[in-house]
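# Observations on the model geometry
So the chains spell out like this:
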Amino acid sequence: DDVSFQNHNLINCFCILLTADIISTVEFNYSGDLLATGDKGGRVVIFQREQENKSRPHSRGEYNVYSTFQSHEPEFDYLKSLEIEEKINKIRWLPQQNAAHFLLSTNDKTIKLWKISERDKRAEGYNLKDEDGRLRDPFRITALRVPILKPMDLMVEASPRRIFANAHTYHINSISVNSDHETYLSADDLRINLWHLEITDRSFNIVDIKPVNMEELTEVITAAEFHPHQCNVLVYSSSKGTVRLCDMRSSALCDRHSKFFEEPEDPSSRSFFSEIISSISDVKFSHSGRYMMTRDYLSVKVWDLNMESRPVETHQVHEYLRSKLCSLYENDCIFDKFECCWGGSDSAIMTGSYNNFFRMFDRNTRRDVTLEASRENSKPRASLKPRKVCTGGKRKKDEISVDSLDFNKKILHTAWHPAENVIAVAATNNLYIFQDKVN
Amino acid sequence: QEMEDKVTSPEKAEEAKLKARYPHLGQKPGGSDFLRKRLQKGQKYFDSGDYNMAKAKMKNKQLPTAAPDKTEVTGDHIPTPQDLPQRKPSLVASKLAG
């Protein structure tokens, strides 16, 4: 089963969701049948994939809205004069264990475990209340009946089952479910905490990089993730472009890393921007657990966990921006945090860029493509046309020049189905789903 | 004879452009000033004492509502948390301050 995307044509399948707020996170569940999005307004929208249906052959693979709920509300911490945004920073699904689905959603300060369950039956024929719910007069009841279950229109309910609060002084940037399916980590700028999914009043601090004197602060934690198979291993990335791998078996407080990943830098090429553009905005293990990928401002790098000295692959996302760093610093775009993701077989990787462009790299063929997520430039069920940015000299037809790029149209969040070539791309407040053309 | 290498990397050229615009730009862009601003995201300046005093004084009247121009937080206007303008850690200002 060749999942190299180069042999397929990605088409815009359907389902463009328009939200009132900017989408801030996108995540498929373990089977890929559910897709969750979180937005700046604290809302979560879950999509479910349609099953194959003979009467509607074209609907197979469509994602339709399954559930919508308000996960977080804005808060104001009066003691610290701090406004706590309701924006959902991350959603992570739990592996499915029964009919219900569980996910963790987090804003800057509080993580919540949500249970999403279906109800398609209703009990009727109660003794003490009638069908409207009004209580019956007990003296009028002359006979007993057994309530029976009757089918009803499917109702999907979301309820908060656990609230994990008050464990983070700084802003949470990551959550990651452990492969033991019992614990998870939450990371903020300076600390990483370990939780048990059943216990909300206790959390163990496993990484703390806060210096005694805040004047000496030189780097912050930007992302963290558990290894997909080894429940004792986690990685965290920093604003200085380094990744530390920690083994929880070695000590309770993992301040000393087991591995330290950093690419050596040529000191003569160092500039004012070097550290800022080296800051890692996302780190993701491959499905195999053998590799990890880091995203910095201009590139994605693939690292072999057995080699700390340098990445095994470096893919340029938008190298043409190197000559625009001055204005990107002035408009703050240089601080944009792009995410990255692996395809199901780890042979391809994807990340976003500006102008609603996103980039896909085939690691086997070493080929890459730039695609666009926009309504104007794609028709439903038509193949996506590769885009090209003109970096100088004569601009060919259909190319776009660097100066014409819209830096407000950022694709920061993308997700890839765990097994199939189906991708979800968030472009500001639009969600696009693309999949391989089925011939 | 030595030929001076006049080719500058695009990154260094951008750095020169930035330094020309902001001559007092700090030497350590990734240093603690920048990081501390990041950690302070969401900071608003709300004086609960002033707010409660004003509420007590005007218990029969409505609190003056926020002016459409949200930067007005002094004088007769008593801010509520919702009124306070987001104190965006202005990197432009910090770029100018050494």
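Note that the structure is predicted; figures quoted are calculated from it, not measured. (Residues numbered from 1 in each chain as written. Chains lettered and ligands numbered in written order. Predicted model: local features only at pLDDT ≥ 70, side-chain atom pairs only at ≥ 80, totals over all residues. Heavy atoms only, no water.)

## A look at the overall build of chain A
A count of helices and strands for chain A gives 2 helices and 32 strands. In terms of overall size, chain A behaves like a compact globule, its C-alpha atoms giving a radius of gyration of 24 Å where 439 residues would be expected to give roughly 22 Å. Overall size of chain A, expressed as C-alpha extent along the three principal axes, is 95 × 55 × 40 Å. Relative to its full complement of 439 residues, chain A shows a buried share of 53%. Summing over all exposed atoms, chain A offers an accessible surface of approximately 20900 Å²; the carbon and sulfur share of this is 48%. (Helix = DSSP H or I, 4+ residues; strand = E, 2+ residues; numbered from the N terminus. Rg over C-alpha atoms; globule rule 2.2 N^0.38 Å. Buried < 20%, exposed > 50% of the residue type's maximum accessible area, 1.4 Å probe, protein only. Areas by Shrake-Rupley, 256 points an atom, 1.4 Å probe, with all protein chains shown as cover.)

## Section: the layout of surface pockets
Residue and element names in this part refer to chain A. What the second largest pocket holds in volume is close to 810 Å³. Secondary-structure elements contributing two or more residues to the lining of the second largest pocket are β2 (23-28), β8 (90-93), β12 (174-177), β16 (221-226), β20 (282-285), β24 (340-342) and β30 (413-416). With 4 residues, the single largest contributor to the lining of the second largest pocket is β2. Taken together, the residues that form the lining of the second largest pocket break down as 13 nonpolar, 11 polar and 5 charged. (1 Å grid on protein atoms, 1.4 Å probe; cavity = no way out; pocket = protein on both sides within 12 Å on 5 of 7 lines; lining within 4 Å. Points joined across faces, edges and corners; volume = space filled by probe spheres on them. Nonpolar A, V, L, I, M, F, W, Y, C, P; charged D, E, K, R; others polar.)

## Some details on the sheet that holds strand β18 (residues 243-247) of chain A
Residues and elements named next belong to chain A. Judged by pairing direction, the sheet is antiparallel, and its 4 strands sit side by side in the order β16-β17-β18-β19 without closing on themselves. Of all strands in the sheet, those bounded by a partner on one side alone are β16 and β19 (259-261). Taken over all neighbouring pairs, the strand axes of this sheet differ in orientation by 20° on average, direction set aside. Bridge count between strand β17 (residues 233-238) and β18: 5 bridges; the pairing is antiparallel. In the sheet register, Tyr236 faces β18, and the bridge partner there is Arg244. (Pairing = 2+ DSSP bridges. Axes fitted to C-alpha atoms, helices over the stretch in contact; angles between N-to-C directions.)

## Here's the deal with the pattern of salt bridges
Residues and elements named next belong to chain A. Counted by the stated rule, this structure contains 33 salt bridges over all chains. Residue Arg162 pairs with Glu198 through a salt bridge whose shortest N-O separation is 2.7 Å. Within this pair, whereas Arg162 is found in strand β11 (residues 148-164), its partner Glu198 is found in the loop between β14 (191-196) and β15 (199-208), the two being separated by 36 residues in sequence. On the basis of relative accessibility, which here comes to 54%, the residue Glu198 falls in the exposed class. For Lys301, the salt bridge identified is with Glu263, shortest N-O distance 2.7 Å. Of this pair, Lys301 sits in strand β22 (residues 299-304) while Glu263 sits in the loop between β19 and α1 (274-278), and the two are 38 residues apart along the sequence. (Salt bridge = Lys/Arg side-chain N within 4 Å of Asp/Glu carboxyl O.)

## Looking at the sheet that holds β22 of chain A
All names here are of chain A. With antiparallel pairing, the 4 strands of this open sheet are ordered in space as β20-β21-β22-β23. Lying at the two open borders of the sheet, with one neighbouring strand each, are β20 and β23 (313-316). Taken over all neighbouring pairs, the strand axes of this sheet differ in orientation by 15° on average, direction set aside. For β22 and β23, the ladder comprises 4 bridges, and the chain directions are antiparallel. The residue bridging Lys301 from the neighbouring strand is Thr314, located in β23.

## What about the side chain of Ser274 of chain A?
When you line up the elements, Ser274 of chain A lands in helix α1. Accessibility expressed as a relative area gives 6% for Ser274 of chain A, which makes it buried. Sequence-distant contacts of Ser274 of chain A, defined by excluding residues within four places in its chain, comprise Glu265 and Ser269 of chain A together with Glu11 of chain B. (Contact = heavy atoms within 4.5 Å.)

## Observations regarding the interface of chain B and chain A
Taken together, the contact between chain B and chain A spans 31 residues of the former and 42 residues of the latter. Contact between chain B and chain A buries roughly 3300 Å² in total, counting both sides, with carbon and sulfur atoms accounting for 57%. The largest share of the area that chain B buries against chain A comes from Glu11, Arg38 and Leu39 of chain B, three residues that together contribute 21% of it. Here chain B and chain A share 2 salt bridges between them. When the shortest N-O distance is used, the salt bridge between Glu11 of chain B and Arg322 of chain A registers 2.3 Å. (Buried area = accessible area lost by both parts, 1.4 Å probe.)

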